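Descriptive structure summary
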Amino acid sequence: MKDSGCRIVILGSGRGSNFEALAAAANADWRIVAVGSDQRNAPLLAKAARRSIPGFYREPAAYPNREAHDAALAAALKTYAPDLVLLAGYLRLLGPAMIEPWTERLLNIHPSLLPAWPGLHTHERVLAAGDREHGATVHFVTPELDCGPRIIQGRLTVHPGESVSILAARVLRLEHYIYPTAVGWYAGNRLKLEKDRVILDDRPLINPVVIEETACV
Ligand code: GRF
């Protein structure tokens, strides 16, 4: 990592609330040097611009296939020389051109207690299944969807009769706590991936660190 701290690029397709939480939490150890998207109109890009953080987009329609789009995105990313790349609502599967250069330096946040409920519409599926617990997970990225070694989870108890929108808001609040926490560990040289194992404070992490909702205030 450079003397000026960990350089971070965030990739997302939409809203950018995790970007906002991360930008607000940045400190001497790390800073967001750019954001990127597959959507030119992603609110994430506008939010970054308001903070004078550069943004870029590479829209899939401009490329002949997934590989070419991935390669273009990877090339754009490289110009910012990130130490760490964060996915926050990036809604496209990444191929090897995007994953391999950033192996061990690529994190994702997912709105469920992985390995439960990979994929989309997690809140609806949790409610339909009658799950008592739900939450969010930060993990290192591997080629499989929403898999990869887990670092930290925010966990809550689902309330009886709770609506999707209330549950989603509660999970998002957890996300805004656990993502900056994981990034702080990484930037502070406390967290790394070694041979598919998460190492935190020099010890292998067998299970992710779990933060209860009640502690995220
Ligand atoms: C979050 O719920 C994240 O877990 C999921 O996509 C959403 C992104 O939200 N992967 P935002 O763009 O950060 O507001």
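In this report, we go over the structure that sits alongside the text. Small disclaimer: the values here were computed from a predicted structure and weren't measured.

**Re the overall build of the protein chain**
- A tally of helices and strands in the protein chain yields six helices and 11 strands.
- For 217 residues, the compact-globule estimate of 2.2 N^0.38 gives 17 Å, and the protein chain sits close to it at 17 Å.
- Overall, the protein chain is about 50 × 40 × 35 Å in size when its C-alpha atoms are taken along their principal axes.
- Residues classed as buried in the protein chain amount to 49% of the 217 residues present.
- Contacts in the protein chain between residues at least 24 apart in sequence constitute 63% of all its contacts with a sequence separation of at least 6.
- Working note: accessible area of the protein chain is about 10600 Å², and carbon and sulfur atoms make up 53% of it.

**Some words on the site of the ligand**
- The ligand sits among Arg15, Gly16, Ser17, Asn18, Gly89, Ile109, His110, Pro111 and Glu175.
- Protein contact buries 85% of the 370 Å² of open area that the ligand shows by itself.
- For the shell around the ligand, the secondary-structure elements that each account for two or more residues are α1 (17–25) and β5 (106–110).
- Within the shell around the ligand, the residues separate by chemical class into two nonpolar, five polar and two charged.

**Observations concerning the environment of Arg173**
- For Arg173, the location among the structural elements is in helix α6 (residues 164–187).
- The partly exposed category is assigned to Arg173, whose relative accessible area is 42%.
- Linking Arg173 and Ala24, residues 149 residues apart in sequence, is a C-alpha distance of 14 Å.

**Re helix α5 (residues 122–129)**
- Every buried residue of α5 is listed here: Thr122, His123 and Val126. Down the axis of α5, the buried set is contained in an arc of 100 degrees. They therefore lie on one face.
- Structurally, α5 contributes buried residues whose contacts are with β5, β6 (133–140) and α6.
- In the segment just after α5, Gly130 is the residue with positive phi, at about 75 degrees.

**Things to note about the side chain of Ser13**
- Tracing the backbone shows Ser13 in the loop between β1 (6–11) and α1.
- Of the polar contacts made by the side chain of Ser13, one reaches the side chain of Asp38; its length is 2.8 Å.
- Setting aside chain neighbours within four positions, we find Ser13 in contact with Ser37, Asp38, Gln39, Ala42, Ala88, Gly89, Tyr90 and Leu91.

**Quick notes on the pattern of salt bridges**
- Overall, the coordinates contain eight salt bridges when judged by the stated rule.
- One salt bridge connects Arg51 with Glu20, and the closest N-O pair in it is separated by 2.9 Å. Linking Arg51 in the loop between α2 (43–50) and β3 (55–57) with Glu20 in helix α1, this pair joins segments that are 31 residues apart in sequence.
- Of the charged contacts, one joins Glu59 and Arg40 as a salt bridge, the two residues approaching to 3.0 Å between their closest N and O atoms. One end of the pair, Glu59, is in the loop between β3 and α3 (66–78); the other, Arg40, is in the loop between β2 (30–37) and α2, with 19 residues separating them in the sequence.

**Remarks on the sheet that holds strand β10 (residues 203–204)**
- Taken together, the three strands give an open sheet; going across it, the order is β8-β9-β10, and neighbouring strands pair in antiparallel fashion. Each edge of the open sheet carries a strand with a single partner, namely β8 (191–194) and β10.

**Re the packing of aromatic side chains**
- Overall, the coordinates contain one aromatic pair when judged by the stated rule.
- For the ring pair Phe56 and Tyr80, a centre distance of 5.6 Å and an interplane angle of 15 degrees mean the geometry is stacked. Note that Phe56 is positioned in strand β3 and Tyr80 in the loop between α3 and β4 (84–87), a separation of 24 residues in sequence.
- Its relative accessible area of 7% is what places Phe56 among the buried residues.

Calculation notes
- Residues numbered from 1 in each chain as written.
- Predicted model: local features only at pLDDT ≥ 70, side-chain atom pairs only at ≥ 80, totals over all residues.
- Heavy atoms only, no water.
- Helix = DSSP H or I, 4+ residues; strand = E, 2+ residues; numbered from the N terminus.
- Rg over C-alpha atoms; globule rule 2.2 N^0.38 Å.
- Buried < 20%, exposed > 50% of the residue type's maximum accessible area, 1.4 Å probe, protein only.
- Contact = heavy atoms within 4.5 Å.
- Areas by Shrake-Rupley, 256 points an atom, 1.4 Å probe, with all protein chains shown as cover.
- Near = heavy atom within 4 Å.
- Nonpolar A, V, L, I, M, F, W, Y, C, P; charged D, E, K, R; others polar.
- Arc of directions from axis to C-beta.
- Polar contact = N/O pair within 3.5 Å; in protein donor to acceptor, adjacent residues only side chain to side chain.
- Salt bridge = Lys/Arg side-chain N within 4 Å of Asp/Glu carboxyl O.
- Pairing = 2+ DSSP bridges.
- Phe/Tyr/Trp six-rings, centres within 6.5 Å; stacked < 30°, edge-to-face > 60°.

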